[in-house]
Amino acid sequence: MGTIIHVELTSTSPEKTADFYARAFGWESTASPHVPDYLVARTGDGSGVDAAVMSSRYQSQNTILWIEVPDIDAAVASVEAAGGASAGDILDLPGEGRVGYVKDPHGVVIGLKQSR
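All figures in this text were calculated on a predicted structure; none of them were measured in a lab. (Residues numbered from 1 in each chain as written. Predicted model: local features only at pLDDT ≥ 70, side-chain atom pairs only at ≥ 80, totals over all residues. Heavy atoms only, no water.)

Caption draft 1: Focus on the pairing of strand 8 (residues 97–103). Across the seven residues that make up strand 8, a large majority, five, are buried. Across two bridges, strand 6 (residues 85–86) lies against strand 8 in antiparallel orientation. Residue pairing for strand 8: Ser-86 is matched across the bridge by Val-102. Two elements, strand 7 (residues 91–93) and strand 8, share three bridges in a ladder whose sense is antiparallel. If you follow Leu-93 over to strand 8, its bridge partner there is Gly-97. What sits between the antiparallel neighbours strand 7 and strand 8 is a turn of three residues, in which Gly-95 has the positive phi angle 80°. Here strand 8 pairs with strand 9 (residues 109–115) via seven bridges, running antiparallel. What sits directly across from Tyr-101, in strand 9, is Gly-111. In sequence, strand 8 turns back onto strand 9 through a hairpin of five residues, with Gly-107 there showing a positive phi of about 90°. (Buried < 20%, exposed > 50% of the residue type's maximum accessible area, 1.4 Å probe, protein only. Helix = DSSP H or I, 4+ residues; strand = E, 2+ residues; numbered from the N terminus. Pairing = 2+ DSSP bridges.)

Okay, here's the thing in structure tokens:
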């Protein structure tokens, strides 16, 4: 079973968007050391998930949920078998694991992460 672990918000102005969420909800954002115009946001203590604000040049969908999977290659194959599609390359993110995007049959982008 895939667990939702993260949410990405896209923006043409990631810094301004992160500032809005900081002022409105107290989110604390820091720049990613791996991806330009990508801010990782702590959304608070508790059982919720954290978020990120990234440039819409990476993905145009406004909100992207991320699902943790034990085997990203098998998860992509399952998505394809269920009528979805891969949406780009699987990347190795230093210190994090393997990540990539898929699309459901209606074109909704979903992020997949296999922890290291």
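Caption draft 2: Molecular detail of helix 2 (residues 72–81). For helix 2, every residue scored as buried is listed here: Ile-72, Ala-75 and Val-76. Buried residues of helix 2 fall within an arc of 100° about the axis and therefore sit on the same side. Contacts from the buried residues of helix 2 go to strand 6, strand 8 and strand 9. Capping of helix 2 at its N-terminal end is provided by Asp-71; its side-chain oxygen lies 3.0 Å from the backbone amide nitrogen of Asp-73. Downstream of helix 2 by a residue or two, Gly-83 has a phi angle that is positive, lying close to 105°. (Arc of directions from axis to C-beta. Contact = heavy atoms within 4.5 Å. Polar contact = N/O pair within 3.5 Å; in protein donor to acceptor, adjacent residues only side chain to side chain.)

Caption draft 3: The packing of aromatic side chains, seen in detail. In total, this model carries four aromatic pairs according to the counting rule given. When the ring of Phe-20 is compared with that of Tyr-21, the centres are 4.9 Å apart and the planes differ by 85°; the resulting orientation is edge-to-face. Here Phe-20 falls in the partly exposed class, since its relative accessible area comes to 42%. According to the relative accessible area criterion, Tyr-21 is partly exposed, its value standing at 21%. Through a chain of ring-to-ring contacts, three or more aromatic side chains come together here, namely Phe-20, Tyr-21, Phe-25 and Trp-27. (Phe/Tyr/Trp six-rings, centres within 6.5 Å; stacked < 30°, edge-to-face > 60°.)

Caption draft 4: Region of the structure containing the side chain of Ser-32. By the element assignment, Ser-32 lies in the loop between strand 2 (28–31) and strand 3 (38–42). Look at Ser-32 and you get buried, because its relative accessible area is 16%. Within the local environment of Ser-32, its side chain forms a polar contact with the backbone nitrogen of His-34, the two atoms lying 3.0 Å apart. Looking at Ser-32, its side chain comes within polar contact range of the main-chain nitrogen of Val-35, at 3.2 Å.

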